[in-house]
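Below, each chain spelled out in residue letters.
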Amino acid sequence: MIVRICVGSSCHLKGSETLVNLFQNAIETNGLENEITLAGSFCTGRCNREGVTVMVDDDVFTGVTPEKFEGFFAENILKKFR
């Protein structure tokens, strides 16, 4: 699985660095280092007023915030490995 986090200007200002750290920790905590490639991407053209754009393989999610991270990770990442 490839997870790409937008680190373009707008998403950077909305906390993409925090999300990168949250993803790194969650991937390690769940032992998924060999299953998930975490990458940054520049602007995807899907800017949202709130949160960061995250792509999981070919699926695009907008508005991901640190507050929504746990639910997002459980629903869109962990569920695919269980």
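Scroll up for the structure.
Computed from a predicted model, the values in this text were never measured in an experiment.

**Student:** I'm lost on the overall build of the protein in this one. Help?
**Tutor:** Within the protein, the secondary structure is distributed over three helices and four strands. Secondary structure of the protein in N-to-C order comes out as β-α-α-β-β-β-α. For 82 residues, the compact-globule formula gives about 12 Å, and the C-alpha radius of gyration of the protein, at 12 Å, lands near that figure. By its C-alpha atoms, the protein is 30 × 25 × 15 Å across when sized along the principal axes. In the protein, which comprises 82 residues, the share counted as buried stands at 35%. For the protein, restricting intrachain contacts to residue pairs at least 6 apart in sequence, the fraction spanning at least 24 positions comes to 64%. Carbon together with sulfur atoms contributes 46% to the accessible area of the protein, which is approximately 5,000 Å² in total. The averaged location of the 11 negative side-chain charges in the protein is 8 Å from the averaged location of its 8 positive side-chain charges.

**Student:** What is the right way to look at the pattern of salt bridges in this model?
**Tutor:** Side chains that differ in charge, positive against negative, can pair when their charged atoms come close. Tallying each qualifying case throughout the model produces three salt bridges. One salt bridge connects Glu50 with Lys68, and the closest N-O pair in it is separated by 3.3 Å. Note that Glu50 is positioned in the loop between β2 (37–41) and β3 (52–56) and Lys68 in the loop between β4 (59–64) and α3 (69–76), a separation of 18 residues in sequence. Judged by its relative accessible area of 43%, Glu50 is partly exposed. For Lys68, a relative accessible area of 45% corresponds to the partly exposed category. In this structure, the salt-bridge partner of Lys79 is Glu75, at a minimum N-O distance of 2.9 Å.

**Student:** What is the right way to read the nonpolar core from this model?
**Tutor:** The tendency in soluble globular proteins is for nonpolar side chains to be buried side by side. Counting 19 residues, the largest nonpolar core has Val3, Phe23, Leu32, Val54, Phe73 and Ile77 as its most contacted members. Broken down by secondary-structure element, the contributors of at least two residues to this core are β1 (2–6), α2 (16–29), β3 and α3. Broken down by element, the residue count for this core peaks at four residues, all from α2. Setting aside residues no more than four positions away along its own chain, Ile77 makes contact with Met1, Val3, Phe23, Leu32, Ile36, Val56 and Phe72.

Parameters at a glance
- Residues numbered from 1 in each chain as written.
- Predicted model: local features only at pLDDT ≥ 70, side-chain atom pairs only at ≥ 80, totals over all residues.
- Heavy atoms only, no water.
- Helix = DSSP H or I, 4+ residues; strand = E, 2+ residues; numbered from the N terminus.
- Rg over C-alpha atoms; globule rule 2.2 N^0.38 Å.
- Buried < 20%, exposed > 50% of the residue type's maximum accessible area, 1.4 Å probe, protein only.
- Contact = heavy atoms within 4.5 Å.
- Areas by Shrake-Rupley, 256 points an atom, 1.4 Å probe, with all protein chains shown as cover.
- Lys, Arg positive; Asp, Glu negative; His and termini not counted.
- Charge placed at Lys NZ, Arg CZ, Asp CG, Glu CD.
- Salt bridge = Lys/Arg side-chain N within 4 Å of Asp/Glu carboxyl O.
- Core = buried A, V, L, I, M, F, W, Y, C linked by side-chain atoms within 4.5 Å.

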